[in-house]
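# Analysis of the macromolecular model
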Amino acid sequence: MSKIKYLILTLLIFGFGITPVGAICNYEEQARLNREVSNVKVSYEVVTKPYEDQTYCYPPDAVDGEEYENYQCIGEFIQINILNINENMVVNVENNTYDNNARYSYNDTDSGVLSFILRDNNGMEIAYNEDIVEYTIEILASSETGCEGSGLRTIYLTVPRYNIYSTVAPCNEMDDYYLCQKYVTYPEVTYEQFSETIANEIAEREEKQEEELKWYQKIWEFVVEHKTAFIAGGIIIVVAGGGTAAYIIIRRRRDIV
């Protein structure tokens, strides 16, 4: 009998010390977490910075064997930014191109801001990224909440690739055209496709410019052809305007008198 009482007492003590998860992760807790996670923002930006590995870095005018201690090679890199992370969140970051998935907590952030450079399978920063990378960013509830491990939100981010044709001569004056933009999200095209499409676009733009020029020329020719009427009309407008102004001035003076 005493053993049964002892067992019941033990269960009661441990039972009061453990709060059921369902009682903590209730509707109010979930609603609060949903409000917080709705503020999380994900974006990317192109940053210019020195390469991590400067081993084979030489100026364009370098001479074989000559060392340049203070010279740094600079490149363009993609930086992913995740904002407004707090202690209640854990962030899983995955992508479809490189095998470098990672999990981050609030302790990995700078006051709630998580920023990292796009890296390859070897962990090296990628300059002038050549591939379109699709990121899946899953935000889970952390152990600081009663809903630990539950999914709060999933955000998708497309990182563009560097367009090598953006530096080709025709693109110098056509940077507004989609094939000439520096970073793009459309599939890679061959040089033949690029050349043909650019040639067609240039022809269309030149034709449009010619049409606009013809329109302006027609207007000018019309003005020249009817210059007498335009001059006479201009004189009439000036005289009428002057007469109206004189009339207003005279009326005001009479009112004052």
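Everything below is about the structure shown above.
Summary of the structure given here. Numbers given for residues are sequential positions, taken from 1 along each chain in its written order. Local features are withheld for residues below a pLDDT of 70 in this predicted model, meaning they are given only at 70 or higher, and side-chain atom pairs are given and counted only at 80 or more; totals for whole chains, interfaces and linings count all residues. As a convention, hydrogens and water are excluded, and side-chain values are obtained from all of the structure's heavy atoms.

On to the overall build of the protein chain. Strands are runs of DSSP state E lasting at least 2 residues, helices are runs of H or I lasting at least 4, and numbering of each runs from the N terminus. Across its full length, the protein chain carries 5 helices and 9 strands. Each helix and strand of the protein chain, placed in order from N terminus to C terminus, yields the pattern α-α-α-β-β-β-β-β-β-β-β-β-α-α. Between two residues, a contact is recorded if the distance between any of their heavy atoms is within 4.5 Å. Counting only contacts in the protein chain whose residues sit at least 6 apart along the sequence, the fraction spanning at least 24 positions is 63%. On the protein chain, roughly 18400 Å² of surface is accessible, and the fraction owed to carbon and sulfur atoms is 54%. In short, Shrake-Rupley with a 1.4 Å probe defines the accessible areas, and a residue's cover is counted only from the protein chains shown.

Turning our eyes to something else, we now look at the state of the cysteines. In this description, a disulfide is simply a cysteine sulfur pair whose atoms lie within 2.5 Å. This structure, assessed with the given rule, holds 2 disulfides. Paired by a disulfide, Cys25 and Cys147 hold their sulfur atoms 1.9 Å apart. Torsion about the S-S bond of the Cys25 and Cys147 cystine: about 105°, corresponding to right-handed handedness. Within this pair, whereas Cys25 is found in the loop between α2 (21-24) and α3 (27-37), its partner Cys147 is found in the loop between β6 (133-141) and β7 (151-159), the two being separated by 122 residues in sequence.

Turning next to the sheet that holds β6. Strand order in the open sheet made by the 4 strands is β4-β3-β6-β7, with antiparallel pairing throughout. The strands lining the two open edges of the sheet, one partner per strand, are β4 (102-105) and β7. Neighbour-to-neighbour, the strand axes of the sheet open up by a mean angle of 20°, direction not taken into account. Strands β3 (89-95), β6 and β7 of the sheet are contacted by α3, whose axis makes an angle of about 15° with β7. Note on pairing: DSSP must find at least two bridges between two strands before they are called paired. All axes are obtained by fitting lines to C-alpha atoms, using only the stretch in contact for helices, and the reported angles, taken between N-to-C directions, cover 0 to 180 degrees.

Moving on, we come to the pattern of salt bridges. Within this document, salt bridges are pairs made up of a side-chain nitrogen of Lys or Arg and a carboxyl oxygen of Asp or Glu, the two lying within 4 Å of each other. Across all of its chains, the model carries 8 salt bridges by this definition. In this structure, Glu125 and Lys49 form a salt bridge, with 2.7 Å as the shortest nitrogen-oxygen distance. In this pair, Glu125 sits in the loop between β5 (114-117) and β6 while Lys49 sits in strand β1 (residues 41-50), placing the two residues 76 residues apart along the sequence. Each residue gets one of three labels from its accessible area relative to the maximum for its type: buried under 20%, exposed over 50%, partly exposed in between, using a 1.4 Å probe on protein chains only. On the basis of relative accessible area, Lys49 is assigned to the partly exposed category, the value being 22%. Note that Arg205 and Glu201 form a salt bridge whose closest N and O atoms lie 2.8 Å from each other. With Arg205 and Glu201 both in helix α4 (residues 191-225), this residue pair falls 4 residues apart, about one helical turn. Classification of Arg205 by relative accessible area gives partly exposed; the value is 26%. On the basis of relative accessible area, Glu201 is assigned to the buried category, the value being 15%. Linked by salt bridges that have partners in common, Lys49, Glu52, Arg119 and Glu125 make up one network.

Another aspect to go through is unusual backbone geometry. Phi at Asn84 is positive, roughly 70°, even though this residue is not glycine. Positionally, Asn84 belongs in the loop between β2 (74-83) and β3.

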